[in-house]
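Summary of the model geometry
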Amino acid sequence: MNCRELVELVTEYLEGTLPSAERERFETHLSTCSGCTSYLRQMRQTVLTLGKLTEETIAPQTRIIEGDGDQQHQANDDFVPERVDVEHHHLIL
Amino acid sequence: MTAEPETQGFKSTSFSASAADLELIEALRCGDETAFASLVDQYQASLVRLAIIYVSSQAVAEEVAQETWLGVLQGLDRFEGRSSLKTWIFRILTNRAKTRGQREARNVPFSDLVSVEIEADEPSVDPSRFNPPDHPNWPEHWGPADAPQSWDAIPEQQFLSQETKEHILKAIAALPPAQREVITLRDVEGWSSAEVCSVLSLSEANQRVLLHRARSRVRQALESYFGEG
């Protein structure tokens, strides 16, 4: 496997859908190629950062919380996306 | 997640409504306002983030989200639980948003776009960064000056700074629509592959291609951005 091939397989690798023989070639190449190791790491960091976009406010959702008398509080959107993809989570991290 | 065989074209959902979903539907049918309010709280921001892919502005995206909630309430009696509540709600959203987007003459029918996007070839990395196939020592490997650098030295504060996030958001907004849909739901919203395929009517394979391309572009945008710093 060469680097050009590897970069096209990165998503399948992270998804866990690479057939085992190909995955072995992928990992063997990684073990000797610092460029591809960096690339995979960048990809993981990109995905991680995408997952954190909603932790701060992108489009602030303010909501008036009732029952506070004269004071009005604003709650920012702290919705954390569901991580249903547990099976793949360990690959990404 | 169960590994399901590839089916041609649209793959039916592997999820049906959970017991919690069905309880919630019952509560909504009984007019439980608190239940409705918490449902809105849970999904409103995500609905808007998805809607904005299809329409012209934040304001219109919020209108579409409102229309979606109306559609949810109106459709309560018809919900059969064959899909999860979440995928049902978001299908209503994508239908409304696409209709609205077309009315705004913002985009062509999405189904056309997806097949065009998938069929076009799109390398993940600029091909000039690799040695040619006839290179004597390292064919098709990263060229000496072109290998990706480590980002480990970048402090986390910078990684998660508002400025970096805005850059990522711009990169996402610049994606072709189908790529944008997939990366938004998968990576920004954290949905599973099966849920995304269900709501967007994509095969697993197509979804993966779109995700791959979208991630590649965003990674490239980040690499360029950090490279300038």
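As the structure is a prediction and not an experimental result, all values here were calculated from the model.

Thoughts on the interface of chain B and chain A
- Contacts between the two partners involve 53 residues from chain B, matched on the other side by 44 residues from chain A.
- When the two sides are added together, the surface that chain B and chain A hide from each other amounts to roughly 4300 Å², 56% of it contributed by carbon and sulfur.
- At the surface where chain B touches chain A, the tally comes to four salt bridges.
- Between Asp152(B) and Arg41(A) there is a salt bridge whose closest N-O contact spans 3.0 Å.

Regarding the confidence of the model for chain B
Residue and element names in this part refer to chain B.
- The predicted model of chain B averages 88 in pLDDT, with 89% of residues at 70 or higher.
- Mean pLDDT across the elements of chain B ranges from a minimum in helix H5 (residues 110-119), with 72, to a maximum in helix H3 (residues 58-75), with 96.
- Counting interchain partners and residues more than four positions distant, the pLDDT-below-50 stretch residues 1-14 has 24 contacts.
- Model confidence for the complex: the whole-complex pTM is 0.79, and ipTM, which rates the interface, is 0.85.

Points about helix H1 (residues 3-15) of chain A
All names here are of chain A.
- Helix length check: H1 (13 residues) gives 19 Å between terminal C-alpha atoms against 18 Å at 1.5 Å per residue, within 8%.
- Of all the bends in H1, the largest measures some 50° and sits at Leu9.
- Among all positions of H1, only Cys3, Leu6, Val7, Leu9, Val10, Thr11, Tyr13, Leu14 and Glu15 are buried.
- By the N-cap criterion, in which a side-chain oxygen at the helix start approaches the backbone nitrogen of a residue two or three places on, H1 is capped by Asn2, the distance to Arg4 being 3.1 Å.
- Of the residues one or two after H1, Gly16 is the one with positive phi, at around 80°.

Thresholds, definitions, all that
Residues numbered from 1 in each chain as written. Chains lettered and ligands numbered in written order. Predicted model: local features only at pLDDT ≥ 70, side-chain atom pairs only at ≥ 80, totals over all residues. Heavy atoms only, no water. Contact = heavy atoms within 4.5 Å. Buried area = accessible area lost by both parts, 1.4 Å probe. Salt bridge = Lys/Arg side-chain N within 4 Å of Asp/Glu carboxyl O. pLDDT = per-residue confidence, 0-100. Helix = DSSP H or I, 4+ residues; strand = E, 2+ residues; numbered from the N terminus. Expected span 1.5 Å × (residues − 1). Bend = angle between axes of the 7 residues up to and from the residue. Buried < 20%, exposed > 50% of the residue type's maximum accessible area, 1.4 Å probe, protein only. Polar contact = N/O pair within 3.5 Å; in protein donor to acceptor, adjacent residues only side chain to side chain.

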